[in-house]
Amino acid sequence: DSGVTQTPKHLITATGQRVTLRCSPRSGDLSVYWYQQSLDQGLQFLIQYYNGEERAKGNILERFSAQQFPDLHSELNLSSLELGDSALYFCASSPAGGAGQPQHFGDGTRLSIL
Amino acid sequence: DAKTTQPPSMDCAEGRAANLPCNHSTISGNEYVYWYRQIHSQGPQYIIHGLKNNETNEMASLIITEDRKSSTLILPHATLRDTAVYYCIVRRFSGSARQLTFGSGTQLTVLP
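So, here's what we can say about the structure. Counting of residues starts from 1 at the beginning of each chain's written sequence and follows it residue by residue. Each chain gets a letter, beginning with A, and each ligand a number, beginning with 1, in the order they are written. It should be noted that, the model being predicted, local features are given only for residues of pLDDT at least 70 and side-chain atom pairs only at 80 or more, the latter also being counted only at that level, while totals for whole chains, interfaces and linings use all residues. Only hydrogens and water are set aside; all other atoms, that is, all heavy atoms of the structure, feed into the side-chain values.

### Details of the overall build of chain B
From N to C terminus, chain B includes zero helices and nine strands. Labels follow the DSSP assignment, with helices taken as runs of H or I lasting at least four residues and strands as runs of E lasting at least two, numbered in each case from the N terminus. Secondary structure of chain B in N-to-C order comes out as β-β-β-β-β-β-β-β-β. As defined in this context, the radius of gyration uses C-alpha atoms, and a globule is described by 2.2 Å times the residue total to the power 0.38. Computed over the C-alpha atoms, the radius of gyration of chain B is 13 Å, within 12% of the 13 Å expected from 2.2 N^0.38 for a compact globule of 112 residues. Taking the principal axes of the C-alpha coordinates as reference, chain B spans close to 45 × 30 × 25 Å. A simple rule labels every residue: compare its accessible area, found with a 1.4 Å probe on the protein chains alone, to the largest value its type can have, and call it buried under 20%, exposed over 50%, or partly exposed in between. Counting only residues that meet the buried cut, chain B has 46% of its 112 residues in that class. Two residues qualify as a contact provided that any one of their heavy atoms is within 4.5 Å of a heavy atom in the partner residue. By sequence separation, contacts in chain B at least 24 residues apart represent 57% of the contacts at least 6 residues apart.

### Digging into the state of the cysteines
Residues and elements named next belong to chain B. By definition, disulfides here are pairs of cysteine sulfur atoms that lie within 2.5 Å. Taken as a whole, this structure holds two disulfides over all chains when the rule is applied. Here Cys22 engages in a disulfide with Cys88; their sulfurs sit 2.1 Å apart. Disulfide Cys22-Cys88: the torsion about the S-S bond is -80°, which places it as left-handed. Separated by 66 residues along the polypeptide, Cys22 in strand β2 (residues 18–23) and Cys88 in strand β8 (residues 84–92) bring together distant segments of the chain. Classification of Cys88 by relative accessible area gives buried; the value is 1%.

### Looking at the pattern of salt bridges
Pairs may arise between side chains of opposite charge once their charged atoms sit close together. Residues and elements named next belong to chain A. Salt bridges are identified by distance alone: a Lys or Arg side-chain nitrogen within 4 Å of an Asp or Glu carboxyl oxygen. Overall, the coordinates contain four salt bridges over all chains when judged by the stated rule. Notably, a salt bridge pairs Arg26 with Asp29, separated by 3.3 Å at the nearest N-O pair. On the basis of relative accessibility, which here comes to 3%, the residue Asp29 falls in the buried class. In the salt-bridge network here, residues are joined through shared partners; they are Arg63, Glu82 and Asp85.

### Digging into the side chain of Thr106 of chain B
Residues and elements named next belong to chain B. Within the secondary structure, Thr106 sits in strand β9 (residues 106–111). What makes Thr106 buried here is its relative accessible area of 0%. N or O atoms closer than or at 3.5 Å make up a polar contact, with two conditions inside protein: a donor-capable atom paired with an acceptor-capable one, and, for residues adjacent in sequence, both atoms drawn from side chains. Here the side chain of Thr106 touches Pro7 through a polar contact of 2.5 Å, landing on its backbone oxygen. With near-sequence residues (within four places) excluded, Thr106 lies in contact with Gln6, Pro7, Pro8, Ser9, Met10, Leu20, Ala84, Val85 and Tyr86.

### Some words on the side chain of Ser61 of chain B
Residues and elements named next belong to chain B. Within the secondary structure layout, Ser61 lies in strand β6 (residues 61–64). Polar side-chain contacts of Ser61 include one of 3.1 Å to the side chain of Thr56. Not counting residues up to four positions away in its chain, the partners in contact with Ser61 are Ile48, Glu55, Thr56, Thr72, Leu73 and Ile74.

Structure representation (structure tokens):
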């Protein structure tokens, strides 16, 4: 158990819809990272938040957005969903953002678009 | 972050040591070497990381060559549950890049 909690575990929805994925980081961790893993792309970094502020952006689509709340949990919002958005979405957390501190991952949310 | 090269697959007999190599010949002085593994479609699991010195924890040992251009992850007594994709990642200590960049990794299969 990494201590990072993601909900829901599975989501099935249709094209054009909007969903919200939730992540609770490990106790004491200030940084939250979101990653996407699809069959043909591998694990791709989407976005990082540190103590409520956006810190870094990766290959995140404009249809996707995220935020980190004062209690440090984070939400990833995906809108106007397309078939290609079907993937595993992982959240990770670390105490801060430095390279010397490992990130710990949750078990992910499996998103299926029908 | 420096690029890493890993063999796509390896086999190991159960109970034997699994030695997973990683080449990172362009690594710079402020970059750490991280190892993660992913079992099926579970979340990546942190194994170990190091900067210059060899490191050991309850899961594995990390051996980094003196020139830091390559490293080896050692699972001392592999079990069937160690079958997974193992990722070697190099990550900068400073700068704005905080994320992990995953490559293709090595599929380790532990054989009974």
